[in-house]
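One-letter residues, chain by chain:
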Amino acid sequence: LFDSSLDHCSELTLYNGKVVLKGIISCARTCLAHGVPVGLGTDTACTYVTQYDFWRELQYFHLFTGVSRSFALYTATKRNAEIAGIGAETGSIEEGKCADLLVTEGNPLEDLTVLRQPYLVAARGKVIMNPRIPKIEVCETRLDQGLKKLETMKEITL
């Protein structure tokens, strides 16, 4: 959904991208409506998709399927762990499970974008305070512009 002057995509590529996006949204909505488990992830091999941007997936899921922020967080944690077959070890805060946590300054139940910059990360017994993730600024800027555009859209038009 970027302006073609930014990514230099042809009209055909832009059209195909919209077809894929509409298909992903439709598939997720259909699965949710019929009780089929949906997981969240990123395709980090694609242009402008970075490994540190998983919070965006939660935001897109919330925006385009209409699920609550709470359900988006559940899907990204416990549901993903269950789908991956590791739900007994991780995915939720319970006795006997890994204490993998991400702590934010704000409340992700009110605003998923607070996940963008964690205050603390605890993973596999290691605690990292105020983690600073090197980011690709051009990606951040363009993805933020795209997210703003997506937030105002009700449907993806071809």
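Residues numbered from 1 in each chain as written. Predicted model: local features only at pLDDT ≥ 70, side-chain atom pairs only at ≥ 80, totals over all residues. Heavy atoms only, no water.

S.K.: In this structure, what is going on with a nonpolar patch on the surface? I would like to understand it.
M.R.: A cluster of nonpolar residues, I93, L101, V103, Y119, V127 and M129, forms a patch on the protein surface that exposes about 550 Å² of accessible area. Only β1 (101-103) and β3 (126-129) provide two or more residues apiece to the nonpolar patch. By secondary structure assignment, the location of V127 is in strand β3. In this structure V127 comes out as exposed when scored by relative accessible area, which is 52%. (Patch = residues over 30% accessible without salt bridge, like charges linked within 9 Å, V, L, I, M, F, W, Y side chains within 5 Å. Areas by Shrake-Rupley, 256 points an atom, 1.4 Å probe, with all protein chains shown as cover. Salt bridge = Lys/Arg side-chain N within 4 Å of Asp/Glu carboxyl O. Helix = DSSP H or I, 4+ residues; strand = E, 2+ residues; numbered from the N terminus. Buried < 20%, exposed > 50% of the residue type's maximum accessible area, 1.4 Å probe, protein only.)

S.K.: Just checking my understanding: could you explain the packing of helix α3 (residues 54-65) against helix α4 (residues 69-83) for this structure?
M.R.: For any two helices packed against each other, the geometry comes down to the angle between their axes and how far apart the axes lie. In contact at an axis separation of 9 Å, α3 and α4 are set at 130° when each is read in the N-to-C sense. Considering the angle they form, α3 stands oblique to α4. Considering only the axes of α3 and α4, their crossing is right-handed. Taken together, the residues of α4 that come into contact with α3 (itself represented by F54, L58, F61 and H62) are R69, F71, A72, L73, T75, A76 and N80. Residues belonging to the contact of α3 with α4 are distributed by class as follows: 7 nonpolar, 3 polar and 1 charged. (Axes fitted to C-alpha atoms, helices over the stretch in contact; angles between N-to-C directions. Parallel < 35°, antiparallel > 145°, perpendicular 65-115°, else oblique. Left-handed = near helix turned anticlockwise from the far one by under 90°. Contact = heavy atoms within 4.5 Å. Nonpolar A, V, L, I, M, F, W, Y, C, P; charged D, E, K, R; others polar.)

S.K.: I tried to follow helix α5 (residues 137-152) on my own but got confused; where do I start?
M.R.: Helix length check: α5 (16 residues) gives 23 Å between terminal C-alpha atoms against 22 Å at 1.5 Å per residue, within 8%. Among the residues of α5, C139, E140, R142, L143, G146, L147 and L150 are the ones counted as buried. Against the buried residues of α5 lie α1 (4-7) and α3. (Expected span 1.5 Å × (residues − 1).)

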